[in-house]
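# Structural characterization, general
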Amino acid sequence: MTSPATDRPTAESARAALTELRHEVAKAVVGQDSVVTGLVIALLCRGHVLLEGVPGVAKTLLVRTLAAALDVDTKRIQFTPDLMPGDVTGSLVYDARTAEFSFSAGPVFTNLLLADEINRTPPKTQAALLEAMEERQVSVDGVPRPLPDPFVVAATQNPIEYEGTYPLPEAQLDRFLLKLTVAIPERDDEIAVLQRHAEGFDPRDLAAAGVRRAAGPADLGAGRAALATVRTGPEVLGYVVDLCRATRSSPSLQLGVSPRGATALVATARAWAWLSGRDFVTPDDVKALARPTLRHRVVLRPEAELEGVTADSVLQTVLATVAVPR
């Protein structure tokens, strides 16, 4: 319910709206509950999300459905090799009638930006998002222009298609709050996907699938305010630091988690605790968010990669060896 005095959502109604948001997305996307939860956590934490998965696992559909269920402005950029920075941020356009230059805003001026196949464009264009993602503004011709609030980038990339791709540099990867792996669904979920399509489901017509708006900026604002009340005890903070320090001494990594990564892990754990209906963070919250929050913030040694070691396997070892506080 909302507060009668202000007609604004309460913490409880905001949590209910965001829970309903997850249910609305499930009407179109099957078997990706953890990914949907990660997107909601990013919205609460004002963070950005990188979705990685093989082609055909509904990465783009997932973000489109989230946009349909969220009452915010959304835009999509299809990243291609010939995309220019001005195509993302906007540029100055000469008006012959007034003999002046005026700013034409690019698609980055939105609330939820779908950056589709972000690693298909060269580094120069990728860098056009750096300022937007970190400072939530865009500078064109030396003039900073603020982006709307909320502003979240949901980017997709395919892990196996190397031809024609440009790997994201560490500086840009670090600007993503979460890196979520969109896996191939389980057998029963895949049968459910086929059943939906056999019954006429059209991924281009989300309204026909029954997807409706379930939450909006006011709910996000109330949820973000409520996160400030979630307590993180010193023992949990110490656990986060111990996990991050353990990655820096791992023999499989040449770069461990930075203090910024530790801060991100605390933020995501608090959001998950609040969504779970608690006002305190537990070590289990930290463990649940450790891999999606940290997997893109570490760099493997070349010899470890040759042996088939992955960032997730290193983080799993760290989680298994670092003592959990009681």
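Provided above is the structure to which this section pertains.
Heads up: these notes are all about the structure in this document. These figures come from a predicted structure and were not determined experimentally.

### Examining the nonpolar core
One finds L18, L21, W274 and V286 to be the most contacted residues of the largest nonpolar core, which totals 75 residues. Of all the elements, helix 11 (residues 259-275) adds the most residues to this core, at nine residues. Formed by 23 residues, the second largest nonpolar core is a distinct cluster that contains F109, L113, A155 and L173.

### Considerations on the pattern of salt bridges
For the coordinates displayed, the defined rule picks out 17 salt bridges. Salt-bridge contacts for D73 lead to K75; the nearest nitrogen and oxygen are separated by 3.2 Å. Residue D73 is classed as partly exposed on the basis of its relative accessible area, which comes to 37%. On the basis of relative accessibility, which here comes to 33%, the residue K75 falls in the partly exposed class. Between R76 and D116 there is a salt bridge, and its shortest N-O distance comes to 2.7 Å. Here R76, found in strand 4 (residues 74-78), pairs with D116, found in strand 7 (residues 112-116); they are 40 residues apart in sequence, far enough to count as distant. Here the salt bridges do not stand alone but share partners, grouping E20, E24, K27 and R212 into one network.

### What about the sheet that holds strand 4?
Taken together, five strands build an open sheet; the order of strands is 4-7-10-3-11 and the sheet is parallel. Two strands bound the open sheet, and with one partner strand each, they are strand 4 and strand 11 (178-181). Direction aside, neighbouring strands of the sheet carry axes that sit 20° apart on average. Here strand 7 runs beside strand 10 (residues 152-157); their pairing, made up of four bridges, is parallel.

### Section: the side chain of D174
Examined against the element boundaries, D174 turns out to sit in the loop between helix 7 (170-173) and strand 11. If near-sequence neighbours (up to four positions away) are discounted, D174 is found in contact with R260 and R297.

### Observations concerning a nonpolar patch on the surface
A cluster of nonpolar side chains, L92, Y94 and F101, forms an exposed patch at the surface whose accessible area comes to about 320 Å². Looking at the secondary structure, you find Y94 in strand 5 (residues 90-95). Overall, the relative accessible area of 47% leaves Y94 in the partly exposed class.

### Describing the environment of T19
Along the polypeptide, T19 turns up in helix 1 (residues 11-26). When the C-alpha positions of T19 and V40 are compared, they lie 8.9 Å apart, and in sequence the two are 21 residues distant.

### Some details on empty space enclosed by the protein
Going through the model one piece at a time under the given rule, you end up with one cavity of 30 Å³ or more. In this structure, the largest cavity spans a volume of roughly 30 Å³. Among the elements of the structure, helix 10 (234-248), helix 12 (283-294) and helix 14 (311-321) are those that each provide at least two residues to the lining of the largest cavity.

### A short note on the layout of surface pockets
Size it by volume and the largest pocket reaches roughly 910 Å³. Mapped by element, the contributors of at least two residues to the lining of the largest pocket are helix 7, strand 11, strand 13 (299-300) and helix 14. The class makeup of the residues in the lining of the largest pocket is twelve nonpolar, eight polar and seven charged. Approximately 400 Å³ is the volume attributed to the second largest pocket. Around the second largest pocket sit 22 residues that line it, and S34, V35, L180, T181 and P292 are the ones nearest its centre. Of the residues contributing to the lining of the second largest pocket, the split by class is ten nonpolar, six polar and six charged.

Thresholds applied
- Residues numbered from 1 in each chain as written.
- Predicted model: local features only at pLDDT ≥ 70, side-chain atom pairs only at ≥ 80, totals over all residues.
- Heavy atoms only, no water.
- Core = buried A, V, L, I, M, F, W, Y, C linked by side-chain atoms within 4.5 Å.
- Buried < 20%, exposed > 50% of the residue type's maximum accessible area, 1.4 Å probe, protein only.
- Helix = DSSP H or I, 4+ residues; strand = E, 2+ residues; numbered from the N terminus.
- Salt bridge = Lys/Arg side-chain N within 4 Å of Asp/Glu carboxyl O.
- Pairing = 2+ DSSP bridges.
- Axes fitted to C-alpha atoms, helices over the stretch in contact; angles between N-to-C directions.
- Contact = heavy atoms within 4.5 Å.
- Patch = residues over 30% accessible without salt bridge, like charges linked within 9 Å, V, L, I, M, F, W, Y side chains within 5 Å.
- Areas by Shrake-Rupley, 256 points an atom, 1.4 Å probe, with all protein chains shown as cover.
- 1 Å grid on protein atoms, 1.4 Å probe; cavity = no way out; pocket = protein on both sides within 12 Å on 5 of 7 lines; lining within 4 Å.
- Points joined across faces, edges and corners; volume = space filled by probe spheres on them.
- Nonpolar A, V, L, I, M, F, W, Y, C, P; charged D, E, K, R; others polar.

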